[in-house]
Amino acid sequence: MDNHFDVIVLGTGLIESITAAALSKAGFKVAHIDPNPYYGADEASLSLDELVQWVNRRQEHDRSITHYGELPPHARQYSVSLGPSVIPSIGPFISSLIASGVSRYGSFKLLGRVVIYDGGMLKDVPQSKDDIFQSKAMSLLEKRRVTRFLMFAAGDFENSKELHGQENSPLLDFLHRIFLLSEATARAITYALGYCSFIAEKTLPALHRIRAYLKASGRYGPSSFLVGYHGGSGEIAQGFCRAAAVRGGVYILGRSVTSLSSVDPAELENPVLTSDLPRFAIEVDDLPDRLHCRCLLSSTSLLPGHFRTLADVIRPSISSYGSPRPFAVARCIAVVDGPITLPWDIEDSGTSEVSDSLLLVFPPGSLHGGSATSAVHVMTAGPGTMSAPSGKGILYISMPLLTNSVHSAEILLRPYLTAVLLLFPAEQQQQKTLICSTFYMQELNSCTASTSDPLVGLLAVPSLTPHTTQGVDEAAIVAEATFRKAASSLNREIKEMNQGCEQTVFWPVLAEMEEGEGDDMHW
Amino acid sequence: MADAASGSVDRSVQVKLVLLGEAAVGKSSVVLRFVSNEFQANKEPTIGAAFLTQKCRLEDRVLRYEIWDTAGQERFHSLAPMYYRNAQAAVVVYDVTKATSLEKAKSWVKELQRQANPNIVIALAGNKVDLVQTSAVSSGSTPSSESEDEADDATATPGESPSASGDEPESLRQVPREEAQAYATEAGLLFFETSAKTGEGVVEIFTEIAKKIPIEHILASTRGGAGRSGGAGGRTGGAREDVNLEEQQSKKDGCNC
């Protein structure tokens with residue numbers, strides 16, 4: 001190998017990893033570097049001992065992070081996600097998983113249940129029309145109204161008379177006025193079907209999400225969502241990185257970039273072909289040689305300040321169904337003793353296995369002492385997705401915030417943790433025991449306006465929007481946009497590579513060879 | 001036994017087998033020998049296949065090995081845990097002419113025993129044994145194809161100092177067979193010395209692993225799950241309701257024949 005690459009990618013978060021796989025599969029020579037000793041960056045899956053190390057490192061610069069409890073036995077058998085999320089069964093992310101072949105590296109199962117806590121009690125959110133008809137919680141009239149709304153939301157609502165002029169009104173308001181839905185039903189639809197993060201979110205983007213999730217239901221089963229094994233996103237990021245490596249990508253983990261500079265062509269010792277001139281040089285800890293590349297693609301957080309202002313920041317148009325981008329997310333990761341189960345409030349639909357993967361939604365204002373403006377999501381994981389050893393469970397609590405909070409994550413989330421521990425019944429009616437818990441504030445790099453005159457080949461990837469249902473789809477959309485920008489900055493010079501093609505395909509058709517079928521394969 | 005010709009065997013059990021070991025010990029070459037009965041001198045560092053499959057017939061049962069190669073990610077110690085997490089078998093390879101590669105192999109065994117499926121069957125393979133056999137020793141002055149491979153790789157991997165390969169043929173072996181055998185016995189591993197170049201010991205690794213794989217356990221834990229999902233035989237051992245993401249895409253892919 002020489003040290004010249006087409007692309008160097010810094011950071012192994014989901015967006016960067018998908019992009020690296022796509023670039024590598026498109027035939028570009030990729031080096032992928034992460035200063036962390038693990039894959040996945042802010043979406044990593046960590047074992048519990050790795051999580052404790054992560055907390056300790058973070059405490060050096062973030063005093064507000066708090067951690068309680070001792071490391072339990074079998075700490076390495078946990079896969080804790082730093083970016084817990086579910087995967088919509090239809091959408092850009094799952095399409096990328098399948099088209100790239102990465103779905104075969106991982107295991108997935110349906111999200112067990114979606115439950116909403118409102119009016120002081122837990123209710124299952126119907127996953128299908130049949131569920132609605134079987135529900136005892138709603139009157140017949142209300143069922144008719146809900147059904148009418150669902151038909152509307154699943155259809156071509158863009159030009160409907162119902163929506164006309166209402167696109168920007170708050171969804172809750174729209175549901176009351178236009179579909180005459182009760183407060184409880186409207187809140188369930190807003191927060192547990194449209195997954196709005198904040199009060200007064202606009203109707204149109206929320207309708208886009210509802211339609212997408214209604215369509216997703218039934219593809220693999222009743223739930224619209226899948227969950228990944230071993231912590232989900234972090235594991236999947238590893239899968240995309242493997243896909244890149246299989247195509248020749250070089251992986252360097254656990255070493256920081258010590259210097260990064262743009263290359264002045266005049267200073268090169270051996271100027272080669274003019275089309276092949278590197279634009280950037282980087283030095284990596286412990287590597288004697290400099291690495292060169294023509295395109296440098298970095299997560300914004302890993303770019304040194306002066307480069308950040310020179311980079312082309314990827315900002316694709318995802319506003320059509322995007323929830324507002326939060327300023328930060330208050331997070332809690334808690335490990336509990338005893339399996340996570342919830343009592344059913346509707347008749348058992350015949351599911352043989354009680355899933356330990358569920359999503360519990362607290363709408364704004366639903367919990368005394370909780371947030372009045374943000375919806376809080378609680379995701380659970382356990383042995384069902386091989387995320388915890390037998391008999392243990394993991395709770396992820398997240399609260400998106402639109403502005404800087406004066407309170408710590410612990411102050412914001414402690415009431416929710418207490419409530420959840422009471423809601424999940426333990427054996428002999430005792431409260432579930434907490435093994436360990438971590439509270440922290442995840443701040444997101446704001447998408448500042450990039451320069452009007454960016455350095456050619458320097459691309460900055462914003463941090464992933466940490467939305468439970470929509471985050472991974474956004475990751476795929478941003479990754480595709482990043483891939484296209486990188487490919488066009490590289491192909492500008494190598495015209496022959498894609499002669500006649502207007503655009504490089506994001507995922508080329510999987511070759512038989514890659515799928516490894518057949519016994520007479522070439523190595 | 002490596003039955004490449006057999007067409008459709010419905011009762012085959014899929015086994016995920018991962019290769020581990022230091023860069024340039026010949027992991028890919030061992031598999032290439034097993035799957036295609038080939039040996040390529042000057043083999044490029046691994047590029048290309050996500051995994052290879054090879055059926056293996058053993059008395060009344062048929063195993064379908066899904067063999068995962070590291071894709072070079074071990075080079076900067078960047079192998080993802082996802083790679084070996086659900087493996088039912090592992091072949092940990094070292095190079096008999098390089099003592100440090102056995103140390104690396106030992107650390108991989110440790111990692112597997114901590115992190116992987118508890119029923120995993122691990123085989124330790126001391127490769128490049130052709131280099132230390134009498135015929136090879138007598139012609140030791142000409143660098144063998146495999147050590148060229150190593151040199152290739154050294155240039156490909158800045159930061160990793162190339163092995164100080166002994167120039168004198170007599171001193172080529174750095175790992176005595178007895179030492180590795182004793183370690184393997186102590187750690188509960190299958191043990192072989194192999195040569196991907198001559199084929200010695202290669203088929204035996206996969207046959208012995210096949211004999212040791214707890215097939216009933218794998219069948220029990222995949223029942224009801226999608227056959228294609230790489231990760232059977234987990235900790236829980238219970239029935240898994242995995243979703244095969246490709247099921248709705250193409251019926252053909254689901255049949256897993």
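The rules we used
- The numbering scheme is per chain: residues are counted from 1 as the chain's sequence reads.
- Whichever chain is written first is A, and whichever ligand is written first is 1; the rest continue in order.
- With the structure being a predicted model, the display of local features is reserved for residues of pLDDT at least 70 and the display and counting of side-chain atom pairs for 80 or more, all residues being used for whole-chain, interface and lining totals.
- In this description a helix means any DSSP run of H or I spanning at least four residues, a strand means any run of E spanning at least two, and both kinds are numbered starting from the N terminus.
- Counting other C-beta atoms within 10 Å of a residue's own tells you its class, since 20 or more makes it buried, 12 or fewer makes it exposed, and anything in between is partly exposed; those C-beta atoms are placed from the backbone.
- Any two residues are considered in contact once their C-beta atoms, placed from the backbone, lie within 7 Å.
- At least two bridges found by DSSP between two strands is the condition for calling them paired.
- Crossover handedness is defined here as right-handed if the route from the first strand over the helix to the second strand goes clockwise, with the strands pointing away from the viewer.
- Lines fitted to C-alpha atoms define the axes here, with helix axes fitted over just the stretch in contact, and angles between the N-to-C directions of these axes take values from 0 to 180 degrees.
- Comment: arc refers to directions from the helix axis out to C-beta atoms.
- Between 65 and 115 degrees an angle is taken as roughly perpendicular, under 35 as roughly parallel, over 145 as roughly antiparallel, and anywhere else as oblique.
- In the scheme used here, Gly and all other residues not listed as nonpolar or charged are polar, with Ala, Val, Leu, Ile, Met, Phe, Trp, Tyr, Cys and Pro taken as nonpolar and Asp, Glu, Lys and Arg as charged.
- Given the number of residues in a helix, its expected span is that number minus one, multiplied by 1.5 Å.
- Each domain span listed reflects an automatic or database assignment of domains.
- Per-residue confidence from the prediction method is given by pLDDT, with values spanning 0 to 100.

## Focus on the overall build of chain A
Secondary structure assignment for chain A yields 13 helices and 21 strands. Taking all 523 residues of chain A together, the buried fraction comes to 52%. Contacts in chain A between residues at least 24 apart in sequence constitute 76% of all its contacts with a sequence separation of at least 6.

## Some words on the overall build of chain B
Looking only at helices and strands, chain B features nine helices and six strands. Counting across all 257 residues of chain B, residues that qualify as buried make up 48%. Here the analysis covers contacts within chain B between residues at least 6 apart in sequence; of these, 71% occur between residues at least 24 apart.

## Notes on the pairing of strand β17 (residues 358-362) of chain A
All names here are of chain A. Counting buried positions along β17 yields five of five residues, so the element is predominantly enclosed. Neither face of β17 is exposed, since Leu358, Leu360 and Phe362 on one face and Leu359 and Val361 on the opposite face are all buried. For strand β8 (residues 113-118) and β17, the ladder comprises four bridges, and the chain directions are parallel. The residue bridging Val114 from the neighbouring strand is Leu359, located in β17. Pairing geometry for β17 and strand β18 (residues 376-381), over four bridges, is antiparallel. Following the sheet pairing, Phe362 is matched in β18 by Val376.

## A short note on the environment of Ala20 of chain A
Residues and elements named next belong to chain A. Counting through the fold element by element, Ala20 comes out in helix α1 (residues 14-25). Classification of Ala20 as buried rests on a count of 33 C-beta atoms within 10 Å. Residues Ala20 and His32 lie twelve residues apart in sequence; the distance between their C-alpha atoms is 7.3 Å. Once residues lying within four places of it in the same chain are set aside, the contact partners of Ala20 are Val9, Val30, His32, Phe240, Cys241, Ala244 and Gly249.

## Comments concerning the pairing of strand β2 (residues 30-34) of chain A
Side chains on a regular strand alternate between the two faces of the sheet. Residue and element names in this part refer to chain A. By the criterion of burial, β2 is predominantly enclosed, with five of the five residues buried. Taking every second residue as pointing to the same face, both faces of β2 are buried, with Val30, His32 and Asp34 on one and Ala31 and Ile33 on the other. Bridge analysis of strand β1 (residues 4-10) against β2 gives four bridges, and the strand direction is parallel. Along β2, the bridge assignment pairs Val7 with Val30. Chirality of the crossover, the property in question, places the unit of β1, α1 and β2 among those that are right-handed. Where β2 and strand β11 (residues 250-253) come together, four bridges link them in parallel fashion. Bridge assignment links Asp34 to a residue of β11, and that residue is Leu253.

## Focus: the sheet that holds strand β2 (residues 51-58) of chain B
Residue and element names in this part refer to chain B. One open sheet accounts for six strands, arranged β2-β3-β1-β4-β5-β6; its pairing is mixed. A single partner strand is all that each edge strand has here, and the edge strands are β2 and β6 (190-193). Between one strand axis and the next, the sheet turns through 25° on average, direction left out of account. The sheet strands contacting helix α3 (residues 99-115) are β1 (13-21), β4 (89-95) and β5 (121-127), and the helix crosses β4 at an angle near 165°. Running over the sheet, helix α6 (residues 177-187) touches β5 and β6 and is turned about 165° from β6.

## Considerations on helix α7 (residues 202-212) of chain B
Residue and element names in this part refer to chain B. By the burial criterion, the buried members of α7 are Val202, Ile205, Phe206, Ile209 and Ala210. All buried residues of α7 lie within an arc of 130° about the axis, which places them on one face of the element. Taken together, the buried residues of α7 touch α1 (27-36), β2, β3 (61-68), β4, β5 and β6.

## Overview of the environment of Ala137 of chain A
With respect to the secondary-structure elements, Ala137 of chain A resides in the loop between α4 (129-134) and α5 (140-154). Sequence spacing of Ala137 of chain A and Thr190 of chain A is 53 residues, and the spatial spacing of their C-alpha atoms is 18 Å.

## A short note on the packing of α1 of chain B against α7 of chain B
Residues and elements named next belong to chain B. In the contact formed by α1 and α7, the axes pass within 9 Å of each other and the chain directions differ by 80°. As summarised for this structure, α1 and α7 are arranged roughly perpendicular, according to the angle between their axes. Across the interface between the two elements, Val30, Arg33 and Phe34 of α1 pack against Val202, Val203 and Phe206 of α7. Of the residues contributing to the contact of α1 with α7, the split by class is five nonpolar, no polar and one charged.

## Topic: the packing of helix α3 (residues 92-100) of chain A against helix α12 (residues 471-491) of chain A
All names here are of chain A. In the contact formed by α3 and α12, the axes pass within 7 Å of each other and the chain directions differ by 65°. Together, Pro92, Phe93 and Ser96 of α3 and Val472, Asp473, Ala475, Ala476 and Ile477 of α12 make up the contact between the two elements. Residues of the contact of α3 with α12, tallied by class, amount to six nonpolar, one polar and one charged.

## A short note on the sheet that holds β17 of chain A
Residues and elements named next belong to chain A. With mixed pairing, the eight strands of this open sheet are ordered in space as β4-β20-β16-β19-β18-β17-β8-β9. Taken across any chain shown, the strands that pair with only one partner, and hence form the sheet edges, are β4 (66-68) and β9 (121-124). Here the strands of the sheet are splayed against their neighbours by 20° on average, with no regard to which way each runs. Across ten bridges, strand β16 (residues 328-337) lies against strand β19 (residues 392-401) in antiparallel orientation.

## Considering helix α8 (residues 203-216) of chain A
All names here are of chain A. Compared with an ideal rise of 1.5 Å per residue, which puts 14 residues at 20 Å, α8 spans 20 Å between its outermost C-alpha atoms and is within 8% of the ideal. For α8, the set of buried residues is Thr203, Pro205, Ala206, Leu207, Arg209, Ile210, Arg211, Tyr213 and Ala216. Buried residues along α8 sit in contact with β6 (87-88), α5, α6 (171-179) and α7 (183-192). Trailing α8 by a residue or two, Gly218 shows a phi angle of about 100°, which is positive.

## Let's talk about the domain arrangement of chain A
Residues and elements named next belong to chain A. Per the domain assignment, the segments making up chain A are domain 1 (4-44 + 231-319 + 447-515), domain 2 (46-81 + 326-443) and domain 3 (127-219). With eleven residues of domain 2 at the contact, the number on the domain 3 side is nine residues. Tallied by class, residues from the side of domain 2 that touches domain 3 come to eight nonpolar, two polar and one charged.

## Digging into the confidence of the model for chain A
On average, residues of chain A score 87 in pLDDT, and 87% of them reach the 70 mark or higher. When the criterion is pLDDT under 50, residues 512-523 of chain A qualifies, and its contacts beyond four places in sequence or with other chains add up to 32 contacts.

## Comments concerning the confidence of the model for chain B
Residues and elements named next belong to chain B. In this model, chain B carries an average pLDDT of 74, and 67% of its residues clear a pLDDT of 70 or more. Here residues 1-9 is modelled with pLDDT under 50, and outside its nearest four sequence neighbours on either side it reaches 17 contacts, counting other chains as well. Of the two predicted TM-score estimates for the complex, the pTM is 0.88 and the ipTM is 0.82.

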